[in-house]
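Next come the chains, spelled out residue by residue.
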Amino acid sequence: MPNQQTKSIDLALQGGGSHGAFTWGVLDRILADERLDIDGISGTSAGAMNAVVLADGLSRGGGKEGARAALHKFWKAVSDAGRFSPIQRSPLDRMLGSWSLDNSPGYLLFGFASNLWSPYDFNPLDINPLRDLVAEQVDFDRVRACEDLKLFISATNVRTGRARTFRRHETTLDAVMASACLPQLFRAVEIDGEAYWDGGYMGNPALLPLIEETSAHDLLIVQINPIVRHELPRSAVEIINRLNEITFNASLIKEINGILLLKKLVDDESLGLERFSDMRLHRISAEEELQDLGVSSKLNSEWAFLTHLHGIGFRTADEWLAENFEHIGSASTLDTTDIGAPSGGGPIARAAREAEQIPRRDQGHPRTSKEKR
């Protein structure tokens, strides 16, 4: 239980392949802060893996330091396994210091093949080294026994197109692999007779379970995928990158707008849903640092790249906490104009904007990490 000096928060962790190492850095900084207590985590894809690794580390008896060590060990194992992948940076990219795999022969060949054949064709034995790695690194019995943490893992039901959220007691290796199942790479994961794909399509990550089922009143979103790009994508690679970002941000933006609207309705109509009215939203992201990384770099598992992302995440979280820790427990710091709140003039758009009036720094109120930089 948190003491009087500790502030309790929920964490919502986006997916994004190797870019999940940014989230690792954010978690590392949060876990190092004795002023913070994590009540619940909702994660998708790489966010789900970070979540279960953290829960496993907590359950091993080492507390927050155990969780930090488990995360480091997991991402190092990811890097070690990636050394044997045929998808590696090209010599030119290495020489230029680019983390992209766009010029990698293995990546280009795989991209060509995945447009012609499905995983059911080119991987008939359903070999998945990532599954083996997660099974080796995470004790799911310990995860399910981690009563100090509420856990929510999202996957997309292939048949219905709806999101399914697995609670802590339902969290298994299959649930995590379903949450990270990109259909171009892996066969759908079957659980209880239903097939699932990556949770990022419908809940990246799911926020409502954190609001409805935890006791914390501050929800911190750790966002990997950039929302805004100021230049029009023109090349094929740029268009693919932008489509990837829009796709995997869509469900998050929609859910945030729904929560803001519901907060407004609860306040105006006295509906008695104080849980929604009292919820404060925050976001940590590093759009400027991550937007130069194309979608192909999400498959780059080099240790130098992962630690680079970890460093960005740790530093961004440190800056955010220095600027906004005092507002945890009292005010939202999420800038709804950045996250994509409705901009129209109709009643729904106005209600969503009014639901979360984010104070500006010229009024002496909290600044976002983006404003600070």
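It should be noted that the structure appears before, not after, this text.
Below you will find a few notes about this structure.

Focus: helix H6 (residues 129–137)
Moving on, step 1. Here H6 has its buried residues at Leu133, Val134 and Gln137. Within H6, the buried residues cover an arc of 95° as seen down the axis, which keeps them to one side. H6 presents Asp132 and Glu136 as exposed residues on the side facing more than 90 degrees away from its buried surface.
Moving on, step 2. Where H6 is buried, its residues contact helix H2 (46–82), helix H7 (140–144) and helix H8 (173–179).

A short note on the nonpolar core
Across soluble globular proteins, you tend to see nonpolar side chains buried next to one another.
Moving on, step 1. Among the nonpolar cores identified, the biggest contains 67 residues, and Leu11, Phe22, Ile41 and Leu54 are the most heavily contacted of them.
Moving on, step 2. Sort the elements by how many residues they give to this core and H2 lands first, with 14 residues.
Moving on, step 3. If we ignore the near neighbours within four places in the chain, the residues touching Leu11 are Leu27, Ile30, Ile38, Gly40, Ile41, Ser42, Leu210 and Leu220.
Moving on, step 4. Core analysis: the next-biggest nonpolar cluster, separate from the first, contains 14 residues, Ile221, Ile256, Ile259 and Leu260 among them.

Topic: the environment of Arg242
Moving on, step 1. Of note, Arg242 is situated in helix H10 (residues 236–269).
Moving on, step 2. Judged by its relative accessible area of 15%, Arg242 falls in the buried class.
Moving on, step 3. Along the backbone, Arg242 and Pro226 are 16 residues apart, and their C-alpha atoms lie at a distance of 9.1 Å.

What about a nonpolar patch on the surface?
Moving on, step 1. Residues Leu109, Phe112, Leu116, Trp117 and Phe122 make up a contiguous nonpolar surface patch of about 550 Å² in total accessible area.
Moving on, step 2. Topologically, Phe112 is positioned in helix H4 (residues 105–114).

Points about the pattern of salt bridges
Moving on, step 1. The final tally for this structure, using the stated rule, is 21 salt bridges.
Moving on, step 2. Notably, a salt bridge pairs Arg29 with Asp318, separated by 2.7 Å at the nearest N-O pair. Of the two residues, Arg29 sits in helix H1 (residues 20–31) while Asp318 sits in helix H13 (residues 303–324), which places them 289 residues apart along the sequence.
Moving on, step 3. Ionic pairing is found between Arg131 and Asp174, a salt bridge with its closest N-O pair at 2.7 Å. Note that Arg131 is positioned in helix H6 and Asp174 in helix H8, a separation of 43 residues in sequence.
Moving on, step 4. According to the relative accessible area criterion, Arg131 is partly exposed, its value standing at 29%.
Moving on, step 5. The network of salt bridges with common partners includes Arg29, Asp33, Arg35 and Asp318.

Points about the side chain of Arg280
Moving on, step 1. Assignment of secondary structure puts Arg280 in strand S8 (residues 280–284).
Moving on, step 2. Of note is the side chain of Arg280, whose polar atom sits 3.0 Å from the side chain of Asp218.
Moving on, step 3. Not counting chain neighbours up to four residues away, the residues in contact with Arg280 comprise His217, Asp218, Leu219, Gly329, Ser330, Ala331 and Ser332.

Here's the deal with H2
Moving on, step 1. With 37 residues, H2 ought to run about 54 Å at 1.5 Å a step, yet its terminal C-alpha atoms sit only 15 Å apart, falling short of that.
Moving on, step 2. For H2, the principal kink sits at Gly61 and spans about 145°.

Quick notes on the rules
- Residues numbered from 1 in each chain as written.
- Predicted model: local features only at pLDDT ≥ 70, side-chain atom pairs only at ≥ 80, totals over all residues.
- Heavy atoms only, no water.
- Buried < 20%, exposed > 50% of the residue type's maximum accessible area, 1.4 Å probe, protein only.
- Helix = DSSP H or I, 4+ residues; strand = E, 2+ residues; numbered from the N terminus.
- Arc of directions from axis to C-beta.
- Contact = heavy atoms within 4.5 Å.
- Core = buried A, V, L, I, M, F, W, Y, C linked by side-chain atoms within 4.5 Å.
- Patch = residues over 30% accessible without salt bridge, like charges linked within 9 Å, V, L, I, M, F, W, Y side chains within 5 Å.
- Areas by Shrake-Rupley, 256 points an atom, 1.4 Å probe, with all protein chains shown as cover.
- Salt bridge = Lys/Arg side-chain N within 4 Å of Asp/Glu carboxyl O.
- Polar contact = N/O pair within 3.5 Å; in protein donor to acceptor, adjacent residues only side chain to side chain.
- Expected span 1.5 Å × (residues − 1).
- Bend = angle between axes of the 7 residues up to and from the residue.

Geometric descriptors of this kind do not, in isolation, establish any biological role.
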